[in-house]
Amino acid sequence: DTAVSQTPKYLVTQMGNDKSIKCEQNLGHDTMYWYKQDSKKFLKIMFSYNNKELIINETVPNRFSPKSPDKAHLNLHINSLELGDSAVYFCASSPQGYEQYFGPGTRLTVT
Amino acid sequence: AQTVTQSQPEMSVQEAETVTLSCTYDTSENNYYLFWYKQPPSRQMILVIRQEAYKQQNATENRFSVNFQKAAKSFSLKISDSQLGDTAMYFCAFMKQNSGNTPLVFGKGTRLSVIA
């Protein structure tokens, strides 16, 4: 059984398009996160949700909008995609204040 | 703000040998967790080992062990009997300990190659 799943795993799209990445966890965790891994492999937090409530919103362009319909899901919608948005996006979940479990990542390529 | 530094961008080790990856961090917090994550070419992030700052005993998980020096803010990972499957990026990460949710702060990673 997959603990944290993301769809799609690969996403190729053109500049200016709008796209969404979905994340689901079946671990019963309260907290979910989105991280971005750039071309140099550096991982950085983007957003954090706790029980559907936005807790952390790092300095991310407002073209990025997370949505949490319920505790088990955290989706990432990106408007007006730019070349610099190309990266791997990871979803993660954790029980409160403890280690995080990562999804397989979504490689986004903007052409 | 917390920072995590991994000073070795790349390392290599012969199969069956031992290798140590370095990590230092900076924080004013007293209660926190430290982690090592492995990212193989499949890009999946895999937790290797964790250490609670309040524990003096170094964590071990099979062939993986850490040397945690709280005063020096150092958290190195030792891999014994290296195997080809250990080839991966290794990330050191810091997390504040509190009742809420806190994100991981990652170092820039060390690319480890295990050579047959």
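Scroll up for the structure.
For the structure given in this document, a descriptive report is provided here. (Residues numbered from 1 in each chain as written. Chains lettered and ligands numbered in written order. Predicted model: local features only at pLDDT ≥ 70, side-chain atom pairs only at ≥ 80, totals over all residues. Heavy atoms only, no water.)

What follows covers the pattern of salt bridges. Under the criterion given, the structure shown has eight salt bridges over all chains. Two residues, B:Arg50 and A:Glu99, come together in a salt bridge whose shortest N-O distance is 2.3 Å. With B:Arg50 in strand β6 (residues 46-52) and A:Glu99 in the loop between β9 (87-94) and β10 (101-102), the pair connects residues from two separate chains. A relative accessible area of 7% places A:Glu99 in the buried class. Several salt bridges share partner residues, and in doing so they unite A:Glu99, B:Arg50, B:Glu52 and B:Lys55 into one network. (Salt bridge = Lys/Arg side-chain N within 4 Å of Asp/Glu carboxyl O. Helix = DSSP H or I, 4+ residues; strand = E, 2+ residues; numbered from the N terminus. Buried < 20%, exposed > 50% of the residue type's maximum accessible area, 1.4 Å probe, protein only.)

Quantified by volume, the largest pocket comes out at close to 330 Å³. Considering the residues around the largest pocket, the lining is formed by 17 residues, among which B:Gln2, B:Thr3, B:Leu104, B:Val105 and B:Phe106 are closest to the centre. For the lining of the largest pocket, the secondary-structure elements that each account for two or more residues are β5 (43-50) of chain A together with β1 (3-5), β10 (88-96) and β11 (105-106) of chain B. Top element by residues in the lining of the largest pocket is β5(A). It accounts for three residues. By residue class, the composition of the lining of the largest pocket is 10 nonpolar, three polar and four charged. The computed volume of the second largest pocket comes to approximately 210 Å³. Lining the second largest pocket are A:Lys36, A:Asp38, A:Phe42, A:Lys44, A:Ile45, A:Met46, A:Glu58, A:Thr59, A:Val60, A:Pro61 and A:Phe64. (1 Å grid on protein atoms, 1.4 Å probe; cavity = no way out; pocket = protein on both sides within 12 Å on 5 of 7 lines; lining within 4 Å. Points joined across faces, edges and corners; volume = space filled by probe spheres on them. Nonpolar A, V, L, I, M, F, W, Y, C, P; charged D, E, K, R; others polar.)

Here the focus is the sheet that holds strand β8 (residues 73-78) of chain A. Residue and element names in this part refer to chain A. Read across the sheet, four strands follow the order β1-β3-β8-β7 without closing on themselves; strand pairing throughout is antiparallel. At either margin of the open sheet sits one strand with a lone partner, and together these are β1 (4-7) and β7 (64-70). Strand after strand, the sheet turns through a mean of 20° between neighbouring axes, direction not considered. Pairing of β7 with β8 involves five bridges; the strand directions are antiparallel. Bridge assignment links proline 66 to a residue of β8, and that residue is leucine 76. (Pairing = 2+ DSSP bridges. Axes fitted to C-alpha atoms, helices over the stretch in contact; angles between N-to-C directions.)

All names here are of chain A. Inspection of every chain in the model, using the stated rule, returns one cavity of 30 Å³ or more. Looking at the largest cavity, its volume works out to about 40 Å³. Every residue lining the largest cavity is listed: Asp30, Met32, Tyr49, Asn50, Asn51, Lys52, Ser68, Asp70, Lys71, His73 and Leu74. Elements with a minimum of two residues in the lining of the largest cavity: β5, β7 and β8. Split by residue class, the lining of the largest cavity holds three nonpolar, four polar and four charged.

This paragraph deals with the interface of chain B and chain A. Counting residues at the interface gives 24 residues for chain B and 27 residues for chain A. Counting the surface lost from both chain B and chain A, the interface buries some 2,100 Å², and carbon and sulfur atoms represent 54% of this. Where chain B meets chain A, there are one salt bridge. Broken down by secondary-structure element, the contributors of at least two residues to the side of chain B that touches chain A are β5 (32-39), β6 and β10 of chain B. (Contact = heavy atoms within 4.5 Å. Buried area = accessible area lost by both parts, 1.4 Å probe.)

Quick look at the state of the cysteines now. In total, this model carries two disulfides over all chains according to the counting rule given. The side chain of A:Cys23 participates in a disulfide bridge whose partner is A:Cys91; the two sulfur atoms lie 1.8 Å from each other. Across the disulfide from A:Cys23 to A:Cys91, rotation about the S-S bond amounts to roughly -75°, and the bridge is consequently left-handed. Of the two residues, A:Cys23 sits in strand β3 (residues 19-25) while A:Cys91 sits in strand β9, which places them 68 residues apart along the sequence. Using a relative accessible area of 1% as the deciding quantity, one classes A:Cys23 as buried. Note on A:Cys91: relative accessible area 0%, which makes it buried. B:Cys23 shares a disulfide with B:Cys92; S-S distance 2.0 Å. Since a negative S-S torsion denotes a left-handed disulfide, the B:Cys23-B:Cys92 link at about -70° is left-handed. (Disulfide = S-S within 2.5 Å.)

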